Amino acid sequence: MDTVHTLLTGLGNIGRTFLEMLIADPERLPRRYGFRLKIVGVADSTGVALDPSGLDLAAIVDLKRRRLGVRELPAFRSDLNPVTLAQTAEYDLVLEATPTNLRDGQPGLDIVRSALQRGKAAVLASKGPLVLAFQELARLSDWADDLSPHSQRPPLRFSGAVGGALPTINFGRRDLAGAQIERAELVVNGTTQVILEQMAAGADFATALAEAQRQGIVEPDPSLDVDGWDAANKLVIFANAVLNQPATLADVQVRGIREVSADDLAAAWRAGGRISLVATAVRQTDGTYTLSVAPTVLTADHPLSRLAHGEMGFVIYSDSAGRSTVSSLEDGPLGTCQAMLRDVIDIRHRLKRH
Ligand SMILES: NC(=O)C1=CN([C@@H]2O[C@H](COP(=O)(O)OP(=O)(O)OC[C@H]3O[C@@H](n4cnc5c(N)ncnc54)[C@H](OP(=O)(O)O)[C@@H]3O)[C@@H](O)[C@H]2O)C=CC1
Ligand SMILES: N[C@@H](CC=O)C(=O)O
């Protein structure tokens, strides 16, 4: 049985849920895919634990549920931080789920950079490294070879970073290959979906935000969701990864949901539609895309107007595939963890070929 030695950085809603998912069915990967994930290193804000023979996942989950840190673990390493862990440990793959930091992308950026520089694979849930350094990370990884299965560069995957289980990146790159995307409308922020639905049902903003937080989908800094930056992050990643446009946040016009009123919401719902925070890319005659994020009225005839219960979705118009609509109703952070797992399985298949 093959073993993929793995680091997991960030043990919050995503990192902890990922471990719970592994614990819930430990035989799923070996049975169906012929390999095991062995978590040899973890990191949270209290530090790093490392055990080359494999950490006790149940103990880590128990610790995090009690809001304690990895410094309590017997395998705690006071001489390491998350970046030096990625730089020095023996492993095959890093799963990165620390907070999205739009100032300098740290610590996620140096974790992923170090892993790729050492030829290790990386799977990200966090968006900061991709938003701030997509082109650099692409050059270090198999993105430089257009994800060729024959690439000798380490694999980089992040399908969960752009809408969790919603297959935004995979669909755009793989299933629309050969088509020219004319317009993409992405509803990829679950938090604002929940807030706007709760407010439409009569809740005030604070109560609506608290409900999204209870579901475990709000960013550590909720203004990233509410002010549109999480959706803008995802649009920047989509632009780089799918539209081949090396966009940055400066290229996106961003408006969040703070000015949406209960009256606006009620009017949209009464008319059979809804309001969602939509990230839009529109192809211009020169081949570039304009990028924007804004609360948008989706009238009853819009393909995404039926999204409900925090559901996310996208509609993409292309020259040859016509109109493609995909949606995903996820159970809190678990959908993102599934997306990370599908990335791991994809990577495993690629590495096995070499
Ligand atoms: N929640 C979701 O539904 C989704 C989240 N994401 C992305 O995944 C990432 C994690 O999100 P989420 O799990 O919700 O966030 P949380 O705030 O729940 O967890 C963040 C984790 O990172 C740890 N951490 C904070 N600072 C550092 C540091 N300097 N070094 C190492 N670890 C650190 C925290 O430690 P401690 O436990 O000690 O506080 C915590 O374990 C974010 O980038 C987010 O954008 C992507 C898709 C969906
Ligand atoms: N805060 C994000 C989490 C996933 O990226 C959201 O609400 O969608």
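Everything quoted here is computed from the prediction, not taken from an experiment.

**Considering the overall build of the protein**
- Tallying secondary structure elements over the protein gives 13 helices and twelve strands in all.
- Whereas a compact globule of 354 residues would reach a radius of gyration of roughly 20 Å, the protein reaches 20 Å, a difference of no more than 12%.
- Once the C-alpha set of the protein is aligned to its principal axes, its extents read approximately 60 × 45 × 40 Å.
- Within the span of the protein, comprising 354 residues, buried residues form 49% of the whole.
- Counting contacts in the protein only where the partners sit at least 6 residues apart, residues at least 24 apart contribute 70% of the total.

**Brief notes about the sheet that holds strand β4 (residues 93-96)**
- Pairing within the open sheet is mixed, and its six strands lie in the order β3-β2-β1-β4-β5-β6. Both edges of this open sheet fall to β3 (47-50) and β6 (156-157), since each of them pairs with a single strand only.
- One ladder, built from two bridges, connects strand β5 (residues 121-124) with β6; its direction is parallel. Looking across to β6, one finds that Val 123 is bridged to Arg 157.
- Relative to β4, helix α5 (residues 108-117) is tilted by about 165°, and along the sheet it contacts β1 (2-9), β4, β5 and β6.

**Some details on the UniProt feature "active site" (unreviewed entry) in the protein**
- UniProt marks Lys 234 with the feature "active site" (unreviewed entry), using the numbering shown here.
- The class of Lys 234 is buried, set by 25 C-beta atoms lying within 10 Å.

**Section: the pairing of strand β7 (residues 181-187)**
- Most of β7 sits inside the fold, with five of its seven residues counted as buried.
- Note: β7 against strand β11 (residues 312-318), six bridges, orientation antiparallel. Within β11, the residue paired with Arg 183 across the bridge is Tyr 317.
- Note that β7 and strand β9 (residues 274-283) share four bridges and pair antiparallel. Across the sheet, the residue bridging to Ala 184 is Ala 281, located in β9.

**With respect to the pairing of strand β2 (residues 35-44)**
- Within β2, seven of the ten residues are buried, which leaves the element mostly enclosed by the surrounding structure.
- In this structure, β2 lies alongside β3, joined through four bridges in antiparallel fashion. The residue bridging Ala 43 from the neighbouring strand is Val 48, located in β3.
- Turn length for the β2-β3 hairpin, with the two strands adjacent in sequence and antiparallel, is two residues.

**Considerations on the nonpolar core**
- Among the nonpolar cores identified, the biggest contains 107 residues, and Val 94, Leu 235, Ile 237 and Phe 238 are the most heavily contacted of them.
- Here the element with the most residues in this core is helix α11 (residues 229-241); it accounts for nine residues.
- Each of domain 1 (2-165 + 334-353) and domain 2 (168-328) gives at least three residues to this core.
- Beyond its immediate sequence surroundings of up to four residues, Val 94 is in contact with Leu 7, Thr 9, Ala 86, Ile 111, Val 112, Ala 115, Lys 120 and Ala 122.

Conventions and cut-offs
- Residues numbered from 1 in each chain as written.
- Chains lettered and ligands numbered in written order.
- Predicted model: local features only at pLDDT ≥ 70, side-chain atom pairs only at ≥ 80, totals over all residues.
- Helix = DSSP H or I, 4+ residues; strand = E, 2+ residues; numbered from the N terminus.
- Rg over C-alpha atoms; globule rule 2.2 N^0.38 Å.
- Buried ≥ 20, exposed ≤ 12 C-beta atoms within 10 Å, placed from the backbone.
- Contact = placed C-beta atoms within 7 Å.
- Pairing = 2+ DSSP bridges.
- Axes fitted to C-alpha atoms, helices over the stretch in contact; angles between N-to-C directions.
- UniProt positions renumbered as here; feature names shortened; annotations may be inferred.
- Core = buried A, V, L, I, M, F, W, Y, C linked by C-beta atoms within 7 Å.
- Domains from an automatic or database assignment.

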